[in-house]
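One-letter residues, chain by chain:
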Amino acid sequence: MSAAGTRPAGPLRRAALRLLRVLGLPVLLVLGWWIYSVAEPTFYLPTPGRVAGAFTEVWFSARITEDVLPSVGRLLTGYALAGLLGVGLGVAIGSSRALRAAAEPVLEFFRAVPPPVLVPLITLLAGLDTTMKVLVIVSGCVWPVLLNTVEGVRAVDEVLADTGRCFGLRGPARLRHLVLPAASPQIMAGLRQALSIGIILMVIGEMFASTSGIGHTVVLFQRGFAIPEMWSGIVVLGLLGFGFSLAFRAAERRILAWHLARGEERGRHA
Amino acid sequence: MLEITGLGKTYEGRGGVEALRKIDFRVDGGDLVCVVGPSGCGKTTLLKCVAGLLTPTAGEVRVAGRRVTGPPPGMAVVFQEYGRSLFPWMTVRKNVELPLREKKVPAPRRRELVEEALAAVGLADAAAAHPWQLSGGMQQRVAIARAIAYEPRVLLMDEPFAAVDAQTRAELEDLLLTLWRRLGVTTLLVTHDIDEAVYLGRRVIVLSSAPTVVQEDLAVDLPAARDQITTRSAPRFAELRAHVYAQIKQAKGRAAGDRTAGDRAAEESAPPRQVPSPAPRDLKRKTDGRTR
Ligand SMILES: Nc1ncnc2c1ncn2[C@@H]1O[C@H](COP(=O)(O)OP(=O)(O)OP(=O)(O)O)[C@@H](O)[C@H]1O
Ligand SMILES: [Mg+2]
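Report on the accompanying structure. Quick caveat, the model's predicted, so the values are computed rather than measured. (Residues numbered from 1 in each chain as written. Chains lettered and ligands numbered in written order. Predicted model: local features only at pLDDT ≥ 70, side-chain atom pairs only at ≥ 80, totals over all residues. Heavy atoms only, no water.)

**Side note on the site of ligand 1**
All names here are of chain B. Formally: We call a residue near a molecule or strand whenever a single non-hydrogen atom of that residue lies within 4 Å of it. What qualifies as a polar contact is a pair of N or O atoms within 3.5 Å, subject to a donor-acceptor requirement within protein and to the restriction that residues adjacent in sequence count only when both atoms come from side chains. Shrake-Rupley sampling with a 1.4 Å probe provides the accessible areas, and residues are treated as covered by the protein chains on show and by no other component. Only DSSP runs of H or I with at least four residues qualify as helices, and only runs of E with at least two residues qualify as strands; both kinds are numbered from the N terminus onward. We call Asp, Glu, Lys and Arg charged. Ala, Val, Leu, Ile, Met, Phe, Trp, Tyr, Cys and Pro are nonpolar, and the rest, Gly among them, are polar.
The immediate surroundings of ligand 1 are formed by Tyr11, Val17, Ala19, Ser39, Gly40, Cys41, Gly42, Lys43, Thr44, Thr45, Gln80 and Glu159. Residue Ser39 places a side-chain N or O atom 3.1 Å away from an oxygen atom belonging to ligand 1. With respect to ligand 1, the backbone of Gly40 contributes an N or O atom lying 2.9 Å from an oxygen atom. In isolation ligand 1 has 630 Å² of accessible area, and contact with the protein removes 61% of it. Within the residue set of the shell around ligand 1, elements represented by two or more residues are strand S2 (17-27) and helix H1 (43-50). The leading source of residues in the shell around ligand 1 is H1, at three residues. Of the residues assigned to the shell around ligand 1, the class counts are four nonpolar, six polar and two charged.

Here it is, written out as structure tokens:
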């Protein structure tokens, strides 16, 4: 309405606006936290400054190699295994009607089991060794990948499948050029769910039954009433989750480029 | 090249849908045969049985003497739902190239074939686009390019020009005729457009409505060189079209059971029927005169 509103924004101005959009809310939240923690000081909610101090002190140290990297390593290993297993089994089950009929009820059961139910099991198993910790992550992550892959493979367009058959597309080539790309939107959806489940399982496993890892460290600080340090661990976990999510989205944008662009195209015509 | 004998197909499920009752005809090597019939009479079903994508419930299909049990090698199909038959995650070029890869055509020859086919359908510029970025008619042309790049011995097409505008349609029809003449590929083309069937086909097979049988197997005695304007305005063209039209109307009107199996067998074993023609020679001379 005003003159400023109608004037075309320069590149500098646009960049500034973008930065404001991205950082605006986080800055406001931290500011709110600061004001609250200064106005009403409590033991349990230290000021952002103290948490930041604890952050550099605690995490820019040997903890990176002793706690953070092993945690991340186990998570990625378990996640990758679950991905391979889920996609592999999912393609097999999705492609075969007989296999599907046999496996579907069991899969539905496992899908219905909420992951937190695994906690007692995790505390029993995850303490043992790295293999067990990885297996716990696999056991939680594999279901969304598997079920989504089955769905995606089953829903491969009939005409496209016929086309493939006519032109002699079979075996690994059929998998690579037809089945996997066709199912990739669902597979990626499954992998996205699996990622958040994986992070949760990693932390829970470390909190309840471990001698190392980020989750373990957080619980250790909490028990020792090292509250700023505990908060800094929570921040680490938050940043980690955020980082993984960003990386995932970047990968998704590459793998599903055709799918996303097609969606936009359709949206434009609709 | 194609022998279809006693072909019947009944889909399973709720009581069973009898799509085809008994279809008999053959297509010689290098011939171009059009199949017309009312909507829903089983044209697509027939084509899918020939392509080895559906198992017939009666009779059999033979391609080059071999009984069809799955998609035979050297056969290309252009589907009615062309949009769904293109791989959306591949560019146009990759779509056309993929079957050639599977056929183990060496890379340089592959590139050549793809370029030629895309140029033939007028899509050389769209090679890098994805199918969903193209209009319906362009997508259809990609599907056609893919089929011709494959250099098939048998080409099956299911209403390949149904979704394009009249202008493009005429162009694609002529393109098909040119390619057919150049490659000598045995072609079976399904359409519901009577004009198109008469214009393109050297024979027209008229299917009845369900229960579907071959209503008529008609030789098109128009000169081999066809042209959108002269051929379509020729008196003989009008006669043939009127004849096929009457046949289809009759097919729709006819009740299911009033022809005996004996009748039908007698008709089907007979050679392609000729419509009494006043003076096809005249027409021929006229066309020849024009080209000379
Ligand atoms: N997969 C299927 N299962 C059951 N019935 C089917 C199936 N496909 C087709 N039919 C039935 O078989 C009959 C013939 O279908 P078909 O698609 O072959 O006809 P068509 O002549 O190609 O029709 P159109 O001109 O609309 O393309 C129809 O009655 C249809 O409902
Ligand atoms: Mg059809």
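**A look at the interface of chain B and chain A**
For interface size, the figure often reported is the accessible area lost on association. Note the cut-off: Note on definitions: a residue-residue contact is assigned when non-hydrogen atoms from the two residues lie within 4.5 Å. Here the buried area means the combined drop in accessible surface, using a 1.4 Å probe, for two parts upon being joined, counting both sides. Here, a salt bridge means any Lys or Arg side-chain nitrogen found within 4 Å of an Asp or Glu carboxyl oxygen.
Each side of the interface is counted separately: chain B has 25 residues, and chain A has 20 residues. Summed over both sides, the interface of chain B with chain A buries roughly 2,100 Å², with 69% coming from carbon and sulfur. For the chain B face of the interface with chain A, the top three residues by lost area are B:Arg84, B:Trp89 and B:Trp132, together amounting to 33%. For the pair chain B and chain A, the interface holds two salt bridges. Put simply, B:Arg84 and A:Asp157 hold a salt bridge, and the shortest N to O gap is 2.8 Å.

**Quick word on the packing of helix H10 (residues 214-223) of chain A against helix H11 (residues 227-255) of chain A**
Residue and element names in this part refer to chain A. Stated formally: The axes are straight lines fitted to the C-alpha atoms, using for helices just the contacting stretch, and the angles between their N-to-C directions are given from 0 to 180°. Roughly parallel means an angle under 35 degrees; roughly antiparallel, over 145; roughly perpendicular, 65 to 115; everything else is oblique. Handedness of a crossing follows from how the near helix is turned relative to the far one, being left-handed for an anticlockwise turn of less than a right angle and right-handed for a clockwise one.
Two elements in contact, H10 and H11, have axes whose closest approach is 8 Å; the angle formed by their N-to-C orientations is 160 degrees. It follows from the interaxial angle that H10 and H11 lie roughly antiparallel. Of the two possible hands of crossing, H10 and H11 adopt the one that is left-handed. Counted together, Ile214, Val218, Phe221 and Gln222 of H10 and Glu229, Met230, Gly233, Ile234, Val236, Leu237 and Leu240 of H11 form the full contact between these two elements. Here the residues of the contact of H10 with H11 sort into eight nonpolar, two polar and one charged.

**With respect to the side chain of B:Arg110**
Residues and elements named next belong to chain B. What counts here: Residue burial is assigned from relative accessible area. The probe radius is 1.4 Å, only protein chains are included, and a residue is buried under 20% of its type maximum, exposed over 50%, and partly exposed in between.
With respect to the secondary-structure elements, Arg110 resides in helix H3 (residues 107-120). Look at Arg110 and you get buried, because its relative accessible area is 13%. Ignoring any residue separated from it by four or fewer positions in sequence, one finds Arg110 in contact with Glu97, Leu100, Arg101 and Val105.

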